[in-house]
Amino acid sequence: MDVTGLMVKYYHTCHRELWFYANNIDVDRENVGIRHGSAVDDSSYEDKKRSVFVDGRIQLDVLDNGNIVEVKRSSALEEPGEMQLKFYLWYLKTKKDIDVTGELAYPTERKRESIELTHEDEQEMERIVDAIQEIISEPTPPEAERKPICDACAYHDLCWV
Ligand code: SF4
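The structure presented is a predicted model; accordingly, all values stated were derived computationally and were not measured.

Asker: Help me out: how do you make sense of the environment of Q84 in this one?
Answerer: Looking at where Q84 falls in the secondary structure, it is placed in helix α3 (residues 78-96). Overall, the relative accessible area of 4% leaves Q84 in the buried class. Q84 sits 20 residues away from L104 along the chain, and the two C-alpha atoms are 10.0 Å apart. Each residue touching Q84, except ones within four places of it in the same chain, is listed here: G5, L6, V8, K9, E70 and K72.

Asker: What exactly am I supposed to notice about the pairing of strand β5 (residues 111-115) here?
Answerer: Successive residues of a regular strand alternate their side chains across the two faces of the sheet. Strand direction decides the pairing type here: strand β4 (residues 102-106) and β5, joined by five bridges, are antiparallel. Note that in β5 the partner of Y106 across the bridge is K111. Between β4 and β5, which pair antiparallel one after the other, the connecting turn spans four residues, and R110 there sits at a positive phi close to 50°.

Asker: I would appreciate a short explanation of the sheet that holds strand β1 (residues 49-54) in the present structure.
Answerer: Two pairing modes exist for strands in a sheet, parallel and antiparallel, and in both the strands are linked by backbone hydrogen bonds. Spatial ordering of the open sheet is given by β1-β2-β3-β4-β5, a layout of five strands whose pairing is mixed. Unpaired on one side and paired on the other, β1 and β5 mark the two borders of the sheet. Here the strands of the sheet are splayed against their neighbours by 35° on average, with no regard to which way each runs. Bridge count between strand β3 (residues 68-71) and β4: four bridges; the pairing is parallel. Bridged to I68 within β4 is G102.

The rules behind the values
Residues numbered from 1 in each chain as written. Predicted model: local features only at pLDDT ≥ 70, side-chain atom pairs only at ≥ 80, totals over all residues. Heavy atoms only, no water. Helix = DSSP H or I, 4+ residues; strand = E, 2+ residues; numbered from the N terminus. Buried < 20%, exposed > 50% of the residue type's maximum accessible area, 1.4 Å probe, protein only. Contact = heavy atoms within 4.5 Å. Pairing = 2+ DSSP bridges. Axes fitted to C-alpha atoms, helices over the stretch in contact; angles between N-to-C directions.

Coordinates in, geometry out; function isn't part of it.
In C-alpha cells:
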C-alpha cells in the first residue's frame, strides 16, 4: 500500500489509529469531537491556496508564494503536523525533483512556521515510510495504549469500551 501524508501524521499520534485508517476501518468524523481530524477551520487561507494532486493520491495545498501549507487546529499536536508536511516536501523532492519550502499554519493561534527539509529529515522519512508499511501490513492492530488524545479520537469506542 502507498504511504500518504495522513498515515505519517497517524504514525506520530497513534500506531493503532494508523492501522485502523490504513485497513479501511473508518468512522463518521463529522459526529465525533476529534481533535486531530480533518475539521480544521482554514477559511482564512481559502483565497490564498490551491489544491494540487500528485500521483492521484497525495493532495497538497500550495500558497501563492509557492510554499506547501498544512493548516492545523492547534500547535498542541505540532510534531504530527510537521512530519506530515515534511512527508509532502520529501515526496516532491525525492519522487519529482521539486524542492519547496513548507509552512505550518495555526489560524486560531495566528501562528505560522516555516518548515525546511534537511538531509537528516530525508533519511528519517525513509525509515518512517518503511515502519509504516510494516505496521499497516500486520493482520491485526497494535494494542491500545492510553494517551491524552484518546478521549477525542474518532476510534475511541473501538479501544476503550
Ligand atoms: S482511542 Fe487512543 S489508542 Fe485508540 S486509536 Fe485513538 S489514540 Fe489510538
